Amino acid sequence: MPSQRPSLSTDEAVRFIEGCCFPEAGNEGNDGPGTLRCGVEIEWLTTPLGDPRSHLPAEEALRVVETVGDLPGCSKVTLEPGGQVELSSAPGSPADVCRLMAVDARVARRRLAGAGVGMVGVGLDPVRPPRRVLQYPRYAAMEQFFDHHGPAGRTMMCSTAAIQVNLSLGSGEEQEARWRQANLIGPTMTAAFANSPFLHGEPSGWRSSRAAVWRMLDLSRTSPVPLVGDAANAWARYALNAQVMLVRDASGAFLPDLEHLTFGAWMAKGHAAGFPTVDDLRYHLTTLFPPVRPRGWLELRFVDTLGEPWWPVPLLVAAAIVCDQEAAETARSACQPASTLWVEAARHGLGHPVLAKAAQGCFTAAIDALDRIGADPAGREAVGSFMERFVANGRCPADDLLDAWAVSGELYPEDRGQPPDTLDLMEPAWTIS
């Protein structure tokens, strides 16, 4: 809640950001040097089963979390503003995260299918206009803020779905190395896993229309963090230079900032509601969405949602080429020429020759490291199959969707809606032992 007097200096704000986002080993879930804990958060669009061009009735969308219920692998279930369902794993080893998420995703799909709801593994709704079902004051204010910048904000909130990979930071020089590596691989990973080539019922001209939508938002909070100086200080400068999205007044109401007020300017000049406190700064950090966001661990936010059997692949590849030192060195050399090609990655996927070459180097390094990071046989098979089907041929999942559309006009991936009785007969690749 804002204060009536200045209560936070720039130096204090920088120290707070650095301390909570790049903690020392043993703090804020950071396990220290040489550790590799990871997690994954996967969003799916939800549709009426068998009728993906229609919206779920709002009351059905709001019951999605209740319908999914508790899951055997303990994934947390949440609802996004447009009715997307998100499963978030607990942190663990790559093998454990993949194994437990596979079970939870299949159980969630079966339960929702029994209620007539389909889970769609694609990065952007290919045909339905955005519709917000969560009416919380925070989301209403966010929508107003984004509307001030154009229509892309509503699309991002209500029509996109992503896979977020979470990786442990490590300690000391390891933090710097993992931070830089995660940012360096971003365009290549965006291109390799692009899976959203449609908008308004036809090809959009982008392999990742989801990534293109993010580029249309307020770039002070969505652009990559400049890799200048040390990681913690670079992130602190980014955060203070980002526009304030929401200010909470004395009543607790959310006020969208439409005056392009940066957090640094808010500290210096104040706002009608007052001056920011540490709590306001902590909240501000949750409204920043760069491709790589530090939160005591690293959130990699640049991958479109993928359907079966591909969703484990970005987790395993990222864990290998960020956290395994040998694989990271190989991938760093491969990705360097593509490190700034964010727009090209979204538009062309692996149809861009520089990105295609970078992806081949990354996947080769990752496959070599899978045993070292503890991937299980199912994970190794998934990565190898993705490499053979897509990366080795300069293709991404969006190319398969475009091929299907060219033949039949189909806009949705093949896993969009198995009936419940079929799901009951299908066993996941990973099982709980």
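Source: prediction; values computed, not measured. Residue positions are given per chain, counting from 1 as you read along its sequence in written order. For this predicted model, a pLDDT threshold of at least 70 governs which residues receive local features, and a threshold of 80 or more governs which side-chain atom pairs are given and counted, while totals over whole chains, interfaces and linings are taken from all residues. Side-chain measures here rest on the full set of heavy atoms in the structure, leaving out hydrogens and waters.

(A) Spatial organisation of the nonpolar core. As used here, the term nonpolar core means buried Ala, Val, Leu, Ile, Met, Phe, Trp, Tyr and Cys residues forming a set that is joined through side-chain atoms within 4.5 Å. For each residue, the accessible area found with a 1.4 Å probe, counting protein chains only, is set against the maximum for its type, and the residue is called buried under 20%, exposed over 50%, and partly exposed in between. Ile17, Ile321 and Phe363 are the most contacted members of the largest nonpolar core, which has 127 residues in total. Counting from the N terminus, the helices are the DSSP runs of H or I reaching at least four residues and the strands are the DSSP runs of E reaching at least two. Per-element accounting of this core gives the leading share, ten residues, to helix H14 (residues 312–323). Excluding residues within four positions of it along the chain, Ile321 makes contact with Gln181, Ile185, Met189, Ala327, Ala328, Ala331, Cys362, Ala365 and Ala366. Membership of the second largest hydrophobic core comes to nine residues, among which are Leu45, Val122, Ala161 and Leu402. Residues are treated as being in contact if the distance between any of their heavy atoms lies within 4.5 Å.

(B) Region of the structure containing the packing of aromatic side chains. Put simply, two rings from Phe, Tyr or Trp (the six-membered ring, in Trp's case) pair if the centres are within 6.5 Å, and we call them stacked under 30 degrees between planes, edge-to-face over 60, tilted for the rest. All chains considered together, the criterion is met by 15 aromatic pairs. Between the aromatic rings of Trp310 and Phe390, the centroid separation amounts to 5.6 Å while the plane-to-plane angle is 75°, which identifies the pairing as edge-to-face. Taken together, the residues span a long stretch of sequence, with Trp310 in the loop between strand E11 (297–304) and H14 and Phe390 in the loop between helix H18 (377–389) and helix H19 (397–408) at a distance of 80 residues. The class for Trp310 is buried, based on a relative accessible area of 12%. Feature note: the residues Phe193, Trp310, Phe363, Phe386 and Phe390 constitute an aromatic cluster, connected by ring pairs. Whether a charge sits over a ring comes down to the Lys NZ or Arg CZ being within 6 Å of the ring centre and within 35 degrees of the ring normal. If you follow Arg347 out to its NZ or CZ, it ends over the ring of Trp206, 3.9 Å from the centre.

(C) The arrangement of the pairing of strand E1 (residues 38–48) in detail. The element E1 is largely enclosed, with a buried count of eleven among its eleven residues. Strand direction decides the pairing type here: E1 and strand E5 (residues 162–168), joined by five bridges, are antiparallel. Bridging from a neighbouring strand, Glu41 pairs with Gln164 of E5. DSSP-based pairing: two strands are paired if at least 2 bridges between them are found. Relative to strand E3 (residues 85–88), E1 is paired through four bridges, and the arrangement is antiparallel. Across the sheet, the residue bridging to Trp44 is Val85, located in E3. Two strands pair when backbone bridges link them, and E1 and strand E4 (residues 117–120) are joined in this way by four bridges, in the antiparallel orientation. By the bridge assignment for E4, Thr46 is matched with Met119.

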